[in-house]
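The residues making up each chain are set out below.
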Amino acid sequence: MKKTMNTLTNNTFRRISKRLLLGMLFFPLGLSAYSQTRDYIPLQKQVGPEHTTEDIAPVQAPFAMPEMNRPVFKDVVCSIVETDAKPEKMVTKAIQKAIDKVSRDGGGKVVIPAGIWKTGRIELKSNVNLHLEEGAELHFSGNINDYLPVVLTRFEGVEVYSLGALVYANNQENIALTGHGKLVAPTTDCEIWKRQCYESIEKYVEQYPDVKERIADGKKGRSVFLPLFVSPTNCKNVLIEGVTLERSLFWNIVPVYCDGVIIRGVTVDSHGHGRTDGIDIESTRNVLIEYCSLDCGDDCFTMKSGRGEDGIRVNKPSENIVIRYCLAKRGWGGIVCGSETAAMIRNLYVHDCVFTGTKSGLRFKTRRSRGGGGENLTFERIRMNLTGAAFWWDMLGEEKHVGDLAKRLPARPITPLTPSFKNITIRDIIVESASYFIDLNGIPETPAENNLIENLVGKTNKLIRMTDVKGFTLKNITIQSKDPSIFINDGRDVLFEQAHFLLPGGKVKLKTQGDLTEEPRLIRCLVKEY
């Protein structure tokens, strides 16, 4: 039977509160939970690049991870000055000549000395560490010709041939980009930006179903796809450490189809420069990200695995990923899974991180047409100061992007393009501020499944709204909210255990609807007026 206002459950909240002597118990329990939680959840001053350790500590995760070690290089050093690099001139050829020579001779370090160096696309090669000394700045050209010929890349989860990346590699092993120098992308008044393809990638793929025909080189009236900033592709044993990335035209650090990636001590500063994701793990496995700071124009730390039918064809998941001791600043999401989810995102462990000024905290996004999804995702010891929702499941999208597929009903038949998110564990969290505690929009045919939020203290403007969920436990949480509303639509197996609410009026306003909705279960829940 469809339900509107769940009076029974509101009465249940009040009855349980009275039985447990709410007035005496709420504050001791709430403050105790906060005290216990805040003592071991990091502050902003305790994470980020300035805390990068010399050695890489062993990785502990709730899934098997290989030992993560830096690649080792021969003790050979070649400065780009030795290959005729001169300040104020384009040094692309000099840099590439040094990289090619060192790689051909068995490997070593190619050094970019202090100074400003102008360059086009740089291609890393096996057994080479491209090292930027303190004070070194690589300023990248905005001209299309400086990134030709086209190379295989992924654009928004779809394989194409275009400009690739400002720093690119393909089918290489044992490569690194290190040092305390800076990489600076061109501004948006450049030729690349003006000639970018504005057509949706789905429509582009419909025109060119064969990957070999997807050539966006800027010639004969053709447009280009915006290049990534740093993108090793089909590579093994990759290290990116210490460098700073500024501006960017598109996503910043994007390993694609890689195995064994370490990203540590990196700073990204691209806020205000368009859709500039910070770090995107794209169909890549065995990844460690630590001590990074991202201030970007779109999502901060993002997991992706291809889009729709093209991603299913490639069928390479993103898996075995650990993110620790990192700082997310301005951006659309601190940790984001999706929306390109075709080959699955699995085995992600994020711990001891801080989000400050970010829109959403943890965001799980996909679309009916994207396929795959995410599973076995664990988040622990995170501090959040947000402008949007702390926990946001965004699985339907908007009609302007996916048409009628964004309409929740009717439920569609399950196909290989139907995504799902399940087995998500979130514990030991402080939400200092957020617009919403939980904002969950699942898919009727594949509801968000088996979710746990445990040991949390938070302060939000609004509480909870859930649509299409199957299995959600909130345990040992203390929430202060300006709005006492909880809305559940087609929600099954929802449990509140030791949930403590500090609300105006001292009452939870619970509304449920949907033929599939079950009465939420309540165990030792407390409500207090503020």
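Residues numbered from 1 in each chain as written. Predicted model: local features only at pLDDT ≥ 70, side-chain atom pairs only at ≥ 80, totals over all residues. Heavy atoms only, no water.

Q: Would you explain unusual backbone geometry in this entry?
A: Most peptide bonds are trans, and most residues other than glycine sit at a negative phi. A cis geometry characterises the amide bond from leucine 148 onward to proline 149, with omega recorded as 5°. In this fold, proline 149 is placed in the loop between β6 (136-140) and β7 (151-155). Cis rather than trans, the peptide bond between glycine 338 and serine 339 has omega equal to 5°. Positionally, serine 339 belongs in the loop between β23 (333-337) and β24 (345-358). Although it is not a glycine, lysine 220 adopts a positive phi angle of roughly 50°. (Helix = DSSP H or I, 4+ residues; strand = E, 2+ residues; numbered from the N terminus.)

Q: In this structure, what is going on with the packing of aromatic side chains? I would like to understand it.
A: Given two aromatic rings, their pairing is described by the distance between the two centres and the angle made by the two planes. This model, assessed by the stated rule, comprises 13 aromatic pairs. Ring centres of tyrosine 204 and tyrosine 208 lie 4.9 Å apart, and the angle between their planes is 50°; this geometry places the pair in the tilted category. Exposure remark for tyrosine 204: the relative accessible area of 7% places this residue in the buried category. Three or more aromatic residues link up through ring pairs in this structure, and these residues are Phe155, Tyr204, Tyr208, Phe225, Phe250 and Trp251. Directly above the aromatic system of tyrosine 257 lies the positively charged group of lysine 316, at a separation of 4.5 Å from the ring centroid. Its end group placed over the ring of tryptophan 392, arginine 363 keeps NZ or CZ at 4.0 Å from the ring centre. (Phe/Tyr/Trp six-rings, centres within 6.5 Å; stacked < 30°, edge-to-face > 60°. Buried < 20%, exposed > 50% of the residue type's maximum accessible area, 1.4 Å probe, protein only. Lys NZ or Arg CZ within 6 Å of the ring centre and 35° of its normal.)

Q: I would appreciate a short explanation of the sheet that holds strand β12 (residues 228-233) in the present structure.
A: By way of backbone hydrogen bonds, the strands of a sheet pair with one another, either parallel or antiparallel. Across the sheet, which stays open at both edges, the three strands sit in the order β4-β9-β12 with parallel pairing between neighbours. Strand pairing shows two members of the sheet lacking a second neighbour, β4 (122-123) and β12, which therefore form its edges. As paired strands, strand β9 (residues 165-170) and β12 are joined by five bridges and run parallel to one another. Paired with valine 167 across the strands is valine 230, a residue of β12. (Pairing = 2+ DSSP bridges.)

Q: Help me understand the pairing of strand β27 (residues 389-394), please; the structure alone is not making it clear to me.
A: The buried fraction of β27 is high, at six of six residues. Pairing of strand β25 (residues 360-365) with β27, which is carried by four bridges, proceeds in the parallel orientation. Within β27, the position partnered with lysine 365 by the bridge is aspartate 394. Taken together, the five bridges between β27 and strand β28 (residues 420-441) define a ladder with parallel strand orientation. Across the sheet, the residue bridging to tryptophan 393 is leucine 440, located in β28.

Q: Explanation requested: the pattern of salt bridges in the structure shown.
A: Side chains carrying opposite charge are able to pair once their charged atoms draw close together. For the structure shown, the criterion picks out 39 salt bridges. Note that aspartate 490 and arginine 408 form a salt bridge whose closest N and O atoms lie 2.8 Å from each other. You can see aspartate 490 sitting in strand β30 (residues 485-503) and its partner arginine 408 sitting in the loop between α7 (399-402) and β28, a full 82 residues away along the chain. Looking at aspartate 490, the relative accessible area reads 10%, which means it is buried. Note that arginine 427 is salt-bridged to glutamate 454, the shortest N-O span being 3.4 Å. (Salt bridge = Lys/Arg side-chain N within 4 Å of Asp/Glu carboxyl O.)

Q: Is there a simple way to think about the pairing of β9 in this case?
A: For a regular strand, side-chain orientation follows a simple rule: the groups alternate between the two sheet faces. In terms of burial, β9 is largely enclosed, as five of its six residues are buried. For β4 and β9, the ladder comprises two bridges, and the chain directions are parallel. Note on β9: the bridge partner recorded for glutamate 123 is tyrosine 168.

Q: What's the story with helix α3 (residues 92-104) in this structure? I'm lost.
A: Counting along an α-helix, one turn takes 3.6 residues, and residues three or four places apart therefore face a common direction. Taking 1.5 Å per residue, 13 residues should reach 18 Å; α3 reaches 18 Å between its end C-alpha atoms and fits that length. Listing the buried residues of α3 in full gives Thr92, Ala94, Ile95, Gln96, Ala98, Ile99, Val102 and Ser103. Here the buried face of α3 lies against β1 (77-79), β2 (108-112), β3 (115-119), β4, β5 (128-132) and β6. Trailing α3 by a residue or two, glycine 106 shows a phi angle of about 110°, which is positive. (Expected span 1.5 Å × (residues − 1). Contact = heavy atoms within 4.5 Å.)

Q: What am I meant to see in the nonpolar core here?
A: Considering soluble globular proteins, one finds that nonpolar side chains tend to be buried as a cluster. Phe301, Ile323, Phe379, Phe391, Trp393 and Ile438 are the most contacted members of the largest nonpolar core, which has 134 residues in total. In terms of residues, this core owes the most to one element, strand β29 (residues 448-481), which gives eleven residues. Beyond its immediate stretch of four places on either side in the chain, phenylalanine 391 contacts Leu362, Met384, Ile426, Ile429, Phe437, Ile438, Asp439, Ile453 and Leu456. Core analysis: the next-biggest nonpolar cluster, separate from the first, contains ten residues, Ile56, Ala176, Leu239 and Tyr349 among them. (Core = buried A, V, L, I, M, F, W, Y, C linked by side-chain atoms within 4.5 Å.)

Q: Just checking my understanding: could you explain the confidence of the model for the chain for this structure?
A: When pLDDT is low, close inspection of the predicted coordinates is not appropriate. Averaged over every residue, the pLDDT of the chain is 93; residues scoring 70 or more account for 93%. The model gives residues 1-9 a pLDDT under 50, and that stretch makes 25 contacts with residues more than four places away or in other chains. (pLDDT = per-residue confidence, 0-100.)

Q: In this structure, what is going on with the state of the cysteines? I would like to understand it.
A: Each disulfide consists of one covalent bond between the sulfur atoms belonging to two cysteines. In total, this model carries zero disulfides according to the counting rule given. Of the cysteine sulfurs around cysteine 292, a residue in no disulfide, the closest is that of cysteine 326, at 4.6 Å. Residue classification places cysteine 292 among the buried residues on the basis of a relative accessible area of 0%. (Disulfide = S-S within 2.5 Å.)

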